[in-house]
Amino acid sequence: KTAVFAAEDPLTGAVVGAVEMILLPYPALPSPEVPYLFNLCVDKRNRARGLGRRLVDACEAQAREWGFQELFLHVEREPVQELYNKYGYSATHQQPTWIQLNLQHKLVLPYEAKTRFEGSWVMMHKKLETPTE
C-alpha cells in the first residue's frame, strides 16, 4: 500500500507541500509491516501555516483507514525530531555505528540521546488513537 498527499496554495493551485507513506517492517526485518511516513516537505514560503501538521494528520488518518494503530518515520536532524515530538512521536530506535552494523550485525539500536552521533538517523513512532466522534 502507498499514499501520497499534497497541499495546494489556495490562490494559485500550486503544490506547496507533500508527504508519502508506504508499509515497511518496523523497526527492521523480520518485523511486521507498519505505515512509514517519509519525504514530508513544505515550501519555505508556506511554512508556519500548519500545512506540515495537516499532511501528517492525513497520513495518520490513512493509516487508521488501512487498519493500523501506529505509524513510524525517521529523522536525521534534531530540529526535525523536535517538530515530530510536538506531533506526539517518540524516538524509539537509532542508527548503529559502522562497527555495530558491520561487525556486530545490528541493524537498529534502542534510542539513547546520549549515544546518538552527528548525522545519524533516529526512528520515531506514534500509537494512533481512535478518533472520537
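Provided above is the structure to which this section pertains.
The model shown is predicted, which means the values in this text are computed figures rather than measured ones.

Novice: Help me understand the overall build of the chain in this model?
Specialist: Along its length, the chain carries three helices and seven strands. Shown N-terminal to C-terminal, the secondary structure of the chain runs as helices and strands in the order β-β-β-α-β-α-β-α-β-β. Considering only C-alpha atoms, the chain reaches an extent of 55 × 35 × 25 Å along its principal axes. In the chain, buried positions account for 36% of the 133 residues. Considering only intrachain contacts with a sequence separation of at least 6, the fraction spanning at least 24 residues in the chain is 56%. The positive charge centre, built from 15 side chains, and the negative charge centre, built from 16, are 4 Å apart in the chain.

Novice: Sorry if this is basic, but what is going on with unusual backbone geometry here?
Specialist: In terms of backbone geometry, most residues other than glycine have negative phi values and most peptide bonds are trans. Despite not being glycine, Asn-39 shows a phi value in the positive range, around 60 degrees. Along the polypeptide, Asn-39 turns up in strand S3 (residues 33–42). The backbone of Ala-48 shows a phi angle near 65 degrees, a positive value even though the residue is not glycine. The class of Ala-48 is exposed, set by a relative accessible area of 85%.

Novice: Please explain the environment of Ala-3 as it appears in this structure.
Specialist: Within the secondary structure, Ala-3 sits in strand S1 (residues 2–8). Sequence-wise, Ala-3 and Glu-20 are 17 residues apart; in three dimensions their C-alpha atoms are separated by 5.7 Å. Excluding its chain neighbours within four sequence positions, the residues that come into contact with Ala-3 are Val-19, Glu-20, Met-21, Gln-62 and Trp-66.

Novice: I tried to follow the pattern of salt bridges on my own but got confused; where do I start?
Specialist: Pairing is possible between side chains that carry opposite charge, provided their charged atoms lie close to one another. Summed over the entire model, instances satisfying the criterion amount to four salt bridges. Here Asp-57 and Arg-53 are joined by a salt bridge, their closest N and O atoms 2.4 Å apart. Here the residue Asp-57 and the residue Arg-53 both occupy positions in helix H1 (residues 51–65), the gap between them amounting to four residues, near one helical turn. By sharing partners, the salt bridges in this structure join Arg-53, Asp-57, Glu-60 and Lys-126 into a single network.

Novice: What is the right way to read the layout of surface pockets from this model?
Specialist: Summary: where empty space remains is shown by rolling a probe the size of a single water molecule over the atoms. Roughly 690 Å³ of volume is contained in the largest pocket. Around the largest pocket sit 24 residues that line it, and Leu-40, Cys-41, Val-80, Leu-83 and Tyr-84 are the ones nearest its centre. Elements that contribute at least two residues to the lining of the largest pocket include exactly S3, H1, strand S4 (70–75) and helix H2 (78–86). For the lining of the largest pocket, the element with the most residues is S3, which contributes seven residues. Of the residues assigned to the lining of the largest pocket, the class counts are 15 nonpolar, five polar and four charged.

Novice: Teacher, can you tell me more about the pairing of S1 here?
Specialist: The sheet contact formed by S1 and strand S2 (residues 15–25) spans seven bridges and is antiparallel. Bridge pairing links Glu-8 to Val-15 in S2. Linking two consecutive strands that pair antiparallel, namely S1 and S2, is a turn of six residues; a positive phi of about 80 degrees is found at Gly-13 within it.

Novice: Got a minute to help me understand the nonpolar core in this structure?
Specialist: One broad rule of soluble globular proteins: the nonpolar side chains tend to lie buried together. Met-21, Leu-37, Leu-71, Leu-73, Tyr-84, Tyr-89 and Met-124 are the most contacted members of the largest nonpolar core, which has 23 residues in total. Elements with a contribution of two residues or more to this core: S1, S2, S3, H1, S4 and strand S7 (122–127). Ranked by the residues each element gives to this core, the list is headed by H1, at five residues. When sequence neighbours within four positions are dropped, the list of residues in contact with Met-124 reads Leu-71, Phe-72, Leu-73, Val-75, Gln-81, Tyr-84, Asn-85, Tyr-89, Ser-90, Ala-91 and Thr-92. Residues Tyr-26, Val-34, Phe-38 and Met-123 belong to the second largest nonpolar core, which totals six residues.

The rules behind each value
Residues numbered from 1 in each chain as written. Predicted model: local features only at pLDDT ≥ 70, side-chain atom pairs only at ≥ 80, totals over all residues. Heavy atoms only, no water. Helix = DSSP H or I, 4+ residues; strand = E, 2+ residues; numbered from the N terminus. Buried < 20%, exposed > 50% of the residue type's maximum accessible area, 1.4 Å probe, protein only. Contact = heavy atoms within 4.5 Å. Lys, Arg positive; Asp, Glu negative; His and termini not counted. Charge placed at Lys NZ, Arg CZ, Asp CG, Glu CD. Salt bridge = Lys/Arg side-chain N within 4 Å of Asp/Glu carboxyl O. 1 Å grid on protein atoms, 1.4 Å probe; cavity = no way out; pocket = protein on both sides within 12 Å on 5 of 7 lines; lining within 4 Å. Points joined across faces, edges and corners; volume = space filled by probe spheres on them. Nonpolar A, V, L, I, M, F, W, Y, C, P; charged D, E, K, R; others polar. Pairing = 2+ DSSP bridges. Core = buried A, V, L, I, M, F, W, Y, C linked by side-chain atoms within 4.5 Å.

In short, the description is geometric, and any link to function would need to be established separately.
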